[in-house]
Amino acid sequence: MSVAWTSKLALAASLALLPVTSWAQSVNISYLTHWSPETVALLEAAAKDYAKTNPDVSVTVRAVPFGDLLTTLRSQGGGSDGPTIGGIYDLWLPELARDKLVAPAPDAVAGEVKDAWPAGVVSAASVGGKLYGIPNEIDVYALNYNKALFKQAGITAAPKTWDEFKDAAKKLTNKDAGQQGFGMINSWAAGVVHPFASLLVSNGGDLVKDGKPVLDSSQATEAFQLYEDLIKSGASVPAMATADANTTGPFLDNFVSGKTGMIIMANWWESALKSGMGDKFADIATAPIPVGPSGDKPHSISYSWMTVVNANAGAAEQKAAWDFLAWLNNPKSGKNGASAMSDILMSMGILPSRLSDIEAHKDKLGSEFLSGYVSVLADAKPFPVVPGGQEFSESLQQTLEALQYGQVSAKDAQATAQADATSILERAAK
Amino acid sequence: MINRYRASAGIMLAPAVTLIGVFVLLPMLLTVWLSVQDWSTQTPFSSASFIGLDNFREIFGPTSVGRDFKGALANTAIYTALSVILILPLSVVFGLMVYQRDVAGGTALRTVLFATYMVPMIAVALVWSKLYSPSEGPLNQMLGLIGIGPQPWLSSPRSALLSIVFLNVWQQVGYFTVLAIAGLTQIPGSLYEAAKLDGANRREQFRFITLPLLRRTLLFSAVIAIINAVQVFEPVALITQGGPVGSTNVLTYHIRRVGIERAQGGLGSAMAVMLMLSLIVVVCALFALVNRKDDE
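Being a predicted model, the structure only gives us computed values, none of them experimental.

Looking at the overall build of chain B
Here is step 1: A count of helical and extended segments in chain B gives 13 helices and two strands.
Here is step 2: Overall, the C-alpha framework of chain B stretches about 75 × 75 × 35 Å when taken along its three principal axes.
Here is step 3: Out of the 296 residues in chain B, the part that is buried amounts to 42%.
Here is step 4: Residue pairs at least 24 apart in sequence account for 63% of intrachain contacts in chain B once pairs closer than 6 positions are excluded.
Here is step 5: Here chain B displays about 16,000 Å² of accessible surface, and carbon together with sulfur accounts for 70% of that area.
Here is step 6: For chain B, the distance from the average site of its 20 positive side-chain charges to the average site of its 14 negative ones is 2 Å.

Let's talk about the interface of chain B and chain A
Here is step 1: In this complex, chain B contributes 34 residues to the contact, which on the side of chain A involves 35 residues.
Here is step 2: Buried surface at the junction of chain B and chain A, summed over both partners, amounts to about 2,500 Å²; 46% is from carbon and sulfur atoms.
Here is step 3: In terms of surface lost to chain A, no three residues of chain B exceed Gln 42, Val 245 and Glu 261 of chain B, which account for 25% of the buried area on that side.
Here is step 4: At the junction of chain B with chain A, the criterion picks out six salt bridges.
Here is step 5: Of the charged contacts in the structure, one is a salt bridge between Arg 256 of chain B and Asp 68 of chain A, with a shortest N-O distance of 2.6 Å.

Let's talk about the nonpolar core
Here is step 1: Core analysis: the largest hydrophobic core is formed by 134 residues, its most contacted members being Tyr 31, Leu 215, Phe 224 and Met 262 of chain A.
Here is step 2: Among the elements that take part in this core, helix α9 (residues 189–201) of chain A stands out by supplying eight residues, more than any other.
Here is step 3: No fewer than three residues from each of domain 1 (24–138 + 303–365) and domain 2 (140–302 + 384–429) of chain A sit in this core.
Here is step 4: Core analysis: the next-biggest nonpolar cluster, separate from the first, contains 45 residues, Met 121, Trp 153, Ile 164 and Ile 239 of chain B among them.

Some details on the UniProt feature "transmembrane region" (unreviewed entry) in chain B
Residues and elements named next belong to chain B.
Here is step 1: Mapped onto the present numbering, the UniProt feature "transmembrane region" (unreviewed entry) falls on residues 12–36, 77–99, 111–129, 173–192, 213–233 and 267–290.
Here is step 2: For residues 173–192, helix accounts for 85% and strand for 0%, while the C-alpha atoms at its two ends are 26 Å apart.
Here is step 3: Structurally, residues 267–290 comprises 100% helix and 0% strand, and the distance from its first C-alpha atom to its last is 35 Å.

What to know about the pattern of salt bridges
Residue and element names in this part refer to chain A.
Here is step 1: In the structure shown here, the tally under the stated rule is 21 salt bridges over all chains.
Here is step 2: Ionic pairing is found between Asp 49 and Lys 52, a salt bridge with its closest N-O pair at 3.2 Å. Separated by three residues within a single helix, Asp 49 and Lys 52 lie in helix α2 (residues 37–53), roughly one turn from each other.
Here is step 3: We classify Lys 52 as exposed; its relative accessible area is 66%.
Here is step 4: The partner of Lys 171 in a salt bridge is Asp 167, with the nearest N and O atoms 3.3 Å apart. You can see Lys 171 and its partner Asp 167 sitting in helix α8 (residues 162–172), four residues apart, about one turn around the helix.
Here is step 5: For Lys 171, a relative accessible area of 45% puts it in the partly exposed group.

Regarding the confidence of the model for chain B
Close inspection of predicted coordinates is inappropriate in any region flagged by low pLDDT.
Here is step 1: Chain-level statistics for chain B give a pLDDT mean of 90 and a share of 98% at 70 or above.
Here is step 2: At the level of individual helices and strands, chain B shows its lowest average pLDDT in helix α4 (residues 106–118) of chain B, which scores 81, and its highest in helix α2 (residues 54–59) of chain B, which scores 95.

Quick word on the packing of aromatic side chains
Here is step 1: Under the counting rule described, the total for this entry stands at 29 aromatic pairs over all chains.
Here is step 2: Seen in terms of ring centroids, Trp 39 of chain B and Phe 45 of chain B are 5.2 Å apart; in terms of plane orientation they differ by 40°. Their pairing is tilted.
Here is step 3: Among the aromatic residues, those joined into a cluster by ring pairs are Phe 66, Tyr 89, Trp 92, Tyr 141, Tyr 303 and Trp 305 of chain A.

Section: the environment of His 299 of chain A
Residues and elements named next belong to chain A.
Here is step 1: If you trace the backbone, His 299 turns up in the loop between β11 (284–287) and β12 (300–309).
Here is step 2: With 111 residues separating them in the primary sequence, His 299 and Ala 410 have C-alpha atoms 22 Å apart.
Here is step 3: The residues touching His 299, leaving out its near neighbours within four places in the chain, are Ser 198, Val 201, Ser 202, Ile 289 and Asp 379.
Here is step 4: A polar side-chain atom of His 299 sits 3.3 Å from a polar atom in the side chain of Asp 296.

Some words on helix α17 (residues 368–377) of chain A
Residues and elements named next belong to chain A.
Here is step 1: Those residues of α17 that fall on the buried side of the exposure criterion are Phe 369, Leu 370, Gly 372, Tyr 373 and Val 376. The arc that holds every buried residue of α17, seen down its axis, measures 150°, which confines them to one face. Structural note: α17 exposes Glu 368 and Ser 375 on the side pointing more than 90 degrees away from its buried face.

Quick notes on a nonpolar patch on the surface
Here is step 1: Taken together, the side chains of Leu 19, Ile 20, Val 22, Phe 23, Val 24, Leu 25 and Met 28 of chain B define a hydrophobic patch exposed on the protein surface, amounting to about 650 Å² of accessible area.
Here is step 2: Along the chain, Phe 23 of chain B falls in helix α1 (residues 2–34).

Observations regarding helix α10 (residues 218–232) of chain A
All names here are of chain A.
Here is step 1: A rise of 1.5 Å per residue sets the reference length of α10, with its 15 residues, at 21 Å; its end C-alpha atoms lie 21 Å apart and thus fit the reference within 8%.
Here is step 2: By the burial criterion, the buried members of α10 are Gln 219, Ala 220, Ala 223, Phe 224, Leu 226, Tyr 227, Glu 228, Leu 230 and Ile 231.
Here is step 3: Those residues of α10 that are buried lie in contact with α8, β7 (180–183), α9, α18 (389–404) and α19 (410–429).
Here is step 4: Looking one or two residues beyond α10, the residue adopting positive phi is Gly 234, at roughly 85°.

Here's the deal with the confidence of the model for chain A
Here is step 1: Scored by pLDDT, chain A comes out at a mean of 89, with 92% of its residues at no less than 70.
Here is step 2: The model gives residues 14–23 of chain A a pLDDT under 50, and that stretch makes two contacts with residues more than four places away or in other chains.

Describing the domain arrangement of chain A
All names here are of chain A.
Here is step 1: What the domain assignment lists for chain A is domain 1 (24–138 + 303–365) and domain 2 (140–302 + 384–429).
Here is step 2: If you average the C-alpha positions of domain 1 and of domain 2, the two centres end up 29 Å apart.
Here is step 3: Contact residues are listed per partner, giving 17 residues for domain 1 and 22 residues for domain 2.
Here is step 4: Regarding the contact of domain 1 and domain 2, the summed buried area is about 1,600 Å², with carbon and sulfur atoms giving 58% of it.
Here is step 5: Considering only the side of domain 1, the residues that lose the most area to domain 2 are Phe 66, Leu 91 and Tyr 303, jointly responsible for 37% of the buried surface there.
Here is step 6: Inspection of the region where domain 1 meets domain 2 yields five residue pairs in polar contact (both at pLDDT 80 or more).
Here is step 7: If you list the elements that add at least two residues to the side of domain 1 that touches domain 2, you get α3 (66–76) and α4 (93–98).
Here is step 8: In terms of residue count, the dominant contributor to the side of domain 1 that touches domain 2 is α3 (three residues).
Here is step 9: Partitioned by chemical class, the residues of the side of domain 1 that touches domain 2 number 12 nonpolar, three polar and two charged.

Comments concerning the packing of α1 of chain B against helix α13 (residues 265–295) of chain B
In helix packing, the relevant descriptors are the interaxial angle and the interaxial distance, both defined with respect to the helix axes.
All names here are of chain B.
Here is step 1: One can describe the packing of α1 onto α13 by two numbers: an axis separation of 7 Å at closest approach and a directional angle of 120°. When the axes of α1 and α13 are compared, the pair comes out oblique. Along this stretch, α1 crosses α13, giving a crossing that reads as left-handed. Counting all contacts with α1, which are made through Met 28, Thr 31, Val 32 and Leu 34, the residues of α13 involved are Gly 266, Ser 269, Ala 272, Val 273 and Met 276.
Here is step 2: Class assignment of the residues belonging to the contact of α1 with α13 gives a composition of six nonpolar, three polar and no charged.

Topic: unusual backbone geometry
Here is step 1: Of note, the amide linkage connecting Gly 243 of chain B to Pro 244 of chain B takes the cis form, showing an omega dihedral of -5°.
Here is step 2: Locating Pro 244 of chain B in the fold gives a position in the loop between α11 (234–240) and α12 (251–261).
Here is step 3: In the Ramachandran plot, Lys 100 of chain A falls in the positive-phi region, its phi being about 55° despite a non-glycine side chain.
Here is step 4: By the element assignment, Lys 100 of chain A lies in the loop between α4 and α5 (107–116).
Here is step 5: The residue Gln 241 of chain B is not glycine, and still its phi comes out positive at about 55°.
Here is step 6: In this fold, Gln 241 of chain B is placed in the loop between α11 and α12.

Parameters and conventions
Residues numbered from 1 in each chain as written. Chains lettered and ligands numbered in written order. Predicted model: local features only at pLDDT ≥ 70, side-chain atom pairs only at ≥ 80, totals over all residues. Heavy atoms only, no water. Helix = DSSP H or I, 4+ residues; strand = E, 2+ residues; numbered from the N terminus. Buried < 20%, exposed > 50% of the residue type's maximum accessible area, 1.4 Å probe, protein only. Contact = heavy atoms within 4.5 Å. Areas by Shrake-Rupley, 256 points an atom, 1.4 Å probe, with all protein chains shown as cover. Lys, Arg positive; Asp, Glu negative; His and termini not counted. Charge placed at Lys NZ, Arg CZ, Asp CG, Glu CD. Buried area = accessible area lost by both parts, 1.4 Å probe. Salt bridge = Lys/Arg side-chain N within 4 Å of Asp/Glu carboxyl O. Core = buried A, V, L, I, M, F, W, Y, C linked by side-chain atoms within 4.5 Å. Domains from an automatic or database assignment. UniProt positions renumbered as here; feature names shortened; annotations may be inferred. pLDDT = per-residue confidence, 0-100. Phe/Tyr/Trp six-rings, centres within 6.5 Å; stacked < 30°, edge-to-face > 60°. Polar contact = N/O pair within 3.5 Å; in protein donor to acceptor, adjacent residues only side chain to side chain. Arc of directions from axis to C-beta. Patch = residues over 30% accessible without salt bridge, like charges linked within 9 Å, V, L, I, M, F, W, Y side chains within 5 Å. Expected span 1.5 Å × (residues − 1). Nonpolar A, V, L, I, M, F, W, Y, C, P; charged D, E, K, R; others polar. Axes fitted to C-alpha atoms, helices over the stretch in contact; angles between N-to-C directions. Parallel < 35°, antiparallel > 145°, perpendicular 65-115°, else oblique. Left-handed = near helix turned anticlockwise from the far one by under 90°.

Here's what the structure looks like:
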């Protein structure tokens with residue numbers, strides 16, 4: 001037999017021995033997130049579990065820093081080769097849907113989400129009545145304080161009103177020890193705006209009402225004044241509260257090292273605090289946002305995250321992506337009746353938003369740190385999701401930072417914030 | 001004969017001219033065209049609608065769009081000016097130290113200087129953000145040893161931009177030192193020998209021989225340093241995100257935020273056109289200044 005015939009026979013035999021499954025059409029989908037490497041590993045493990053029953057679908061996970069997430073979605077989501085699935089912040093949805101970067105959910109997925117999630121969360125994942133994403137996490141703001149520093153300063157309980165809050169911030173301030181009473185974050189839009197907005201709603205105010213900014217209200221006047229008072233009294237030191245692209249930096253460093261008495265932060269920081277503080281994490285407690293002079297009871301700001309599918313991906317990729325997401329968020333994919341997604345979220349201290357997940361994680365959600373967040377959820381107001389919301393948020397960030405660094409007075413900051421917000425939201429609504 | 005010469009010259013130039021036209025001139029013209037359109041970056045060019053100079057009015061107007069753009073333009077100008085002012089003299093000083101073979105440690109200095117240029121910016125940004133840390137940063141710890149209190153570095157709008165400039169100077173100075181050394185090697189040794197015979201000391205030799213004959217090299221270095229500085233992006237994106245209070249919000253970072261993150265392609269293009277015009281004006285002014293000196 002000639003060498004050529006031998007080669008042909010060998011090739012034919014090899015092909016005949018290949019598993020039948022390798023002939024099936026395989027689909028590759030990618031998942032873009034801003035999660036840390038540890039959390040990405042959990043998502044990759046879930047994708048491997050999914051592959052056991054769906055060997056024709058391969059899921060790759062790609063992570064970018066939070067600061068680059070929207071840019072990556074916008075610059076790569078316009079093509080079929082961009083990420084198939086993206087985790088997004090609800091504020092970004094109206095514009096991503098307007099620009100047709102995200103696909104509406106299939107009817108089956110939309111039906112299940114409407115039945116299994118709270119109505120407010122479903123509404124944040126919808127535009128014009130159409131559902132665009134599967135909600136997964138909900139974040140809410142509360143007061144975090146260091147019990148050890150409170151004890152040293154002779155403070156027996158968490159402040160309930162703004163007067164008590166200012167008093168506690170003053171007592172916790174020790175310039176000689178490089179210690180500030182209240183950490184007022186800067187250099188990160190959501191990190192700056194959400195705590196301010198939480199204090200504002202706890203004073204009976206709002207950022208936006210019926211699509212129009214209402215930063216010219218008397219409640220907002222009091223909120224801007226509170227910030228100015230805290231800065232002028234030295235209880236908040238802006239230089240101790242800078243954040244970097246990964247939302248860490250001096251703000252986090254100073255709180256975990258006991259140089260900051262109180263901060264207003266969301267529940268998802270639990271994992272960052274635990275890894276930064278070790279055993280000293282037990283010193284951290286959670287309390288509702290102090291109530292302002294015009295407020296009735298504690299309120300705070302909440303926002304949600306969801307997973308969306310690239311509208312420009314191929315039909316097979318889109319179908320595979322929705323199937324994977326439906327599985328990931330299904331109560332059968334995780335442990336003890338929880339979804340695999342909620343298990344991943346709870347590893348970071350993030351509250352899942354699916355009703356069955358909240359029930360399944362009832363024990364962990366009752367921990368000293370997280371129960372403080374769960375308790376304020378019912379009275380939390382969703383951060384306004386409007387076209388131009390991201391630009392509005394960044395503009396308010398600049399104004400609040402100028403106030404923090406003493407470049408403008410509270411009165412001027414309020415006037416600037418209202419004028420900028422009006423112009424931005426009007427332009428975006430056109 | 002002349003026609004044949006012209007035809008062959010045209011054929012030989014065509015590939016380069018075509019490539020430049022497609023990859024350089026066309027994007028530039030497209031940016032200029034988009035700067036007078038209302039256009040979302042996520043939509044096709046066909047959806048753009050002509051709005052005249054509205055985008056330019058907006059970026060120079062009193063609203064937050066105008067304030068942020070003018071702030072970013074000023075930050076870029078300050079960053080560029082400080083970078084060039086620091087880099088050029090340092091590169092000459094280091095160049096002289098390395099070039100003078102009788103200075104001890106010249107080779108080691110040359111290696112160290114050029115090594116910084118080879119380090120990727122991501123690594124530089126990570127290391128410097130920790131060096132600048134207000135609480136545990138080595139820089140503040142060293143200052144503490146000589147009785148100087150902790151500095152806010154990246155955490156204050158007064159010092160954040162300057163801190164990014166220092167980082168840039170540290171990384172770039174090695175490259176410009178190499179350029180300075182190249183310029184120094186072009187100066188004939190006989191000039192120094194003649195000057196020595198005439199009784200000129202080292203300072204006079206530097207002032208009347210080295211500096212005038214380095215002028216062309218320094219012009220080239222200045223142009224490259226300006227272009228590099230205007231394009232600063234990574235340290236801002238990686239460390240400060242333009243803050244605090246927009247003090248490090250430079251134009252490239254701001255254009256990315258407006259044009260890509262907010263998808264306001266028309267506004268972003270108008271900003272890019274202004275950046276391009278500013279760069280052209282500055283570089284032309286620099287050439288004019290040096291040419292005038294040459295004529296004198």
